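Residues per chain are reported as follows:
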Amino acid sequence: MDQVLQQKPLTFKDYKSDYKPVWCPGCGDFSVLAAITKALAELQIPREDCAVVSGIGCSSRIPAYTSVYGIHAIHGRALAAATGLKVARPELTVIATGGDGDGFSIGGNHFLHACRRNVDMTYVVMDNEVYGMTKGQASPTTASDWEGSKLTPHGTGVSPFNPLSIALSAGASFVARGFAGDPNGSAKLIAQAMQHKGFSFVQILSPCVTFRPEQTEWKKIVRKGEIEGGHSLAQAMSFLATDDGFATGILYETQRPVYAPEMSEKQGLADIEASFEL
Amino acid sequence: MTSKTVSIAITGAGGAGVMTAGQMLLDAAAKAGLYGLMTRSSGPQIRGGEAAAFIRLSSDPIDCPDDYFDVLFCFDWMNVDRFAAELPLRTDSVIIGDEAAKNPPEMITASVARQVMVPLSEAAKEIEGGRPNMIGLGMLGELAGVPLDALQAILEKVLKRKGQAALDASIAGVEKGMQVATDLESKIGIDLHLERKENQQTRWSLTGNEAAGMGALRGGVRFCAAYPITPATEVLEWLAPNLEKVGGTLVQAEDELASVNMIIGGSFGGVPSITATAGPGLALMTEALGLAVSAEIPIVVIDVMRGGPSTGIPTKSEQSDLNIALHGLHGDAPHIVTAAQSISDCLFTTQWTVHLAEALQTAGIVLSDQSLGQSRNIIDKPADLAFVAKREVVEAGVEDYKRYALSDSGVSPMAIPGTPGGEYVADGLETAENARPSSSAEDHYAQLDKRQRKLSQFDYGQHWAEIEGEGELAVVTFGSVTAPVREAIQRLESEGQKIKMISMRLLSPALPDKMDEALVGVKKLLVVEQTHSKQFYRYLRSEFDLPKDTTVLAKPGPLPFRPGEIVNTLKELG
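Described in the following lines is the structure provided in the data block. (Residues numbered from 1 in each chain as written. Chains lettered and ligands numbered in written order. Predicted model: local features only at pLDDT ≥ 70, side-chain atom pairs only at ≥ 80, totals over all residues. Heavy atoms only, no water.)

### Here we look at the overall build of chain A
Right, so step 1: Looking only at helices and strands, one finds ten helices and seven strands in chain A.
Right, so step 2: The C-alpha extent of chain A, read off along each of the three principal axes, is 70 × 60 × 35 Å.
Right, so step 3: For chain A, restricting intrachain contacts to residue pairs at least 6 apart in sequence, the fraction spanning at least 24 positions comes to 68%.
Right, so step 4: Working note: accessible area of chain A is about 11800 Å², and carbon and sulfur atoms make up 54% of it.
Right, so step 5: On chain A, the mean spot of the 24 positive side-chain charges and the mean spot of the 28 negative ones are 6 Å from each other. (Helix = DSSP H or I, 4+ residues; strand = E, 2+ residues; numbered from the N terminus. Contact = heavy atoms within 4.5 Å. Areas by Shrake-Rupley, 256 points an atom, 1.4 Å probe, with all protein chains shown as cover. Lys, Arg positive; Asp, Glu negative; His and termini not counted. Charge placed at Lys NZ, Arg CZ, Asp CG, Glu CD.)

### Points about the interface of chain B and chain A
Right, so step 1: Opposite the 60 residues of chain B that make contact, chain A presents 44 residues.
Right, so step 2: For the pair chain B and chain A, the two sides together bury roughly 4500 Å², of which 62% comes from carbon and sulfur.
Right, so step 3: Where Asp18(A) meets Arg436(B), a salt bridge forms, and the shortest distance between an N and an O atom there is 2.4 Å.
Right, so step 4: Pairing analysis gives three bridges linking strand E2 (residues 69-72) of chain A to strand E15 (residues 425-427) of chain B, with the strands arranged parallel. Across the sheet, residue Gly70(A) finds its bridge partner in E15(B), namely Val425(B). (Buried area = accessible area lost by both parts, 1.4 Å probe. Salt bridge = Lys/Arg side-chain N within 4 Å of Asp/Glu carboxyl O. Pairing = 2+ DSSP bridges.)

### A closer look at the sheet that holds E15(B)
To summarise the sheet geometry, strands pair through backbone hydrogen bonds and adopt either a parallel or an antiparallel arrangement.
Right, so step 1: Pairing within the open sheet is mixed, and its eight strands lie in the order E7(A)-E5(A)-E6(A)-E4(A)-E3(A)-E1(A)-E2(A)-E15(B). The sheet is open, and its two edges are formed by strand E7 (249-253) of chain A together with E15 of chain B, each paired on a single side. Pairs of neighbouring strands in the sheet enclose a mean axial angle of 15°, with direction left out of account.
Right, so step 2: For strand E1 (residues 50-54) of chain A and strand E3 (residues 93-99) of chain A, the ladder comprises five bridges, and the chain directions are parallel. The partner of Ser54(A) across the bridge, within E3(A), is Thr97(A). (Axes fitted to C-alpha atoms, helices over the stretch in contact; angles between N-to-C directions.)

### Considerations on the pattern of salt bridges
Residue and element names in this part refer to chain B.
Right, so step 1: All told, the structure shown has 34 salt bridges over all chains when counted by the stated rule.
Right, so step 2: Note that arginine 56 is salt-bridged to glutamate 487, the shortest N-O span being 2.8 Å. Of this pair, arginine 56 sits in strand E3 (residues 50-58) while glutamate 487 sits in helix H15 (residues 482-494), and the two are 431 residues apart along the sequence. The residues arginine 56 and glutamate 487 share a single accessibility class, namely buried. (Buried < 20%, exposed > 50% of the residue type's maximum accessible area, 1.4 Å probe, protein only.)

In structure tokens, the structure reads:
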């Protein structure tokens, strides 16, 4: 048999499950789901060799809507579970997904250390500056004067978390921002992030039309491809100093050692046991 | 233990070489054909301050402290009174101190034991680079009948990296110490010599924490994520280089929450995974343990218990994490809880728990404690055990895969990433059989039943408990308290009394039928545990039918149970 079976290329639809998302109509996360599946199709990642790992929240429901392996874990711990999976199984493609509350509040410590650790995986955060699943409380990225939450009726009075700036400071080797209203642009950013060797972080502005209806205006405000960062940390930091949060593109990309312990058997158990002998 | 044993306490200021001398004495004794146990004590700080090594030597295997010390050997009097409660002495005990050290504290001068001063520092000065702890080592070796060649072999093993000069000075010190002791033997008036038996079997010298690490490796663990915490750190420090040797790895995580979630990720990837922690860390891990139970991802957490609550007494032992290990998880979350009964059993129990967690696709907690984890024991090399990680998995090309299929056994084959056709999402949400999130009552009941069923139906064989002896009077215990209970029963047996011991290795799931069987003919029961609030007794009462005549001997840490106090309680019970 010299005939080689030609497999049809996978399309983004092949990466979607037939499960209907629980998101509200108009939610930006639909578009991010499309962007992730398009990126997987662009890179033709075999479905069985990919896993999407999330924590808790609206956007953390993403794994169920894909047809790859996945873990829908507990609140804030997506990066930890994803790290364990990737380190134990380095040949897999691992994507962590979630929202601003999950990633930057309860999961803030893991975010810092994932940036430092530089495991070769991609983290996509759908940022809508609100806790949607618990019906509209302030998140770490919410402006301090937003009075829309019953929990903080006078605003939070707290400076918002700046994900890109913190990622840079913590040592992330790939940092980008996309917009849900630009699914093709986001798909391209996610694919570039996945091709990056090391920890890649993509913030995607993803409007919550239910609890932050004013975010429907984002499509008028967001400026595609305007981020100018590149390979210079100084330039990336300098860009953020005057950034209004609505420019998109790759802010920073660099190569540094990837955390990937070599795992090959060097000794048998008997050799180890011999060390207990006197 | 009916054979003769010798108990020696060594104390001194931090840096005096107490622990080094203690461990060398223990290992040399083993080399010479003895068995022994060394527990260690220090204040709440890990480094600096005063330190004490408690050694018990015997011709036969031994794994718990005696009621009294025969010898208290003090390099100096630095804060020795802080150990007063840990240093029971009697009239024929002897306190040996350095002539050069000034003013023994009242604890020593008021002691019932005799006091003998020896020229420790002076003898050390006669040797270039000589140290009092080596003089002491030689003296104690001579008194206990540990010959020079055994001491020399251990010195060579330990000191080879420090160079020939250091080794020579140490050997000279030990020889000098042995000479000093020859004069001393008549003065102390007690014979500490032990009968040495030829080495029949290979002997191991190891701590409970090392044994637990070895059990994990033997069980097939190849991934660990870790955050250091006393007294569990040595499990992790031992695993880091040794996992690497067998093709696994250890990640130092940013906190306990990361550790346990990382091992959930590693195990989801098909690699048997473990972490180790102590009380405060276990508290942080309980939410993720629930995820492992719900998503049926096998993981094992070794909990090396210490005094609690909160930061408690980090360097001292207690069994009071029992409640959180059994009941800490929210929701109905059946999981495995086991308890190691001795230092060597840390190996068996960890290996067995890895096997159980993998076979049953659930979370397992191994309870060890400070007294097991940080103590060193001389044991016969344990036999190879058949327990290895064996997970039911699906092969490639499976159709209509149902991750959480309601199988009779309750175990459903797991798809490991990389397996085409098995793609599914492991979820902390309740799911239907096909792994889709579901909030239907029907799915919830079915999955709750399945997760309980697989644990309740499993055949745990005889390993659920160690059951020894016969009698209408029985003792139920678990964990490190097993050894003093066993010795207490042996002492009473030599006086003609018959007592049964039931030491539970599998605490959860509870197996009431097995306990009923074990309690047949038992009229009186004593429960022995190292907690204040009788956690174990309360658990037993909630799960098993106990005899009406049941009493409890519960004592919190940090003082260890000694066989004598259990003997006294058993005698009162008749």
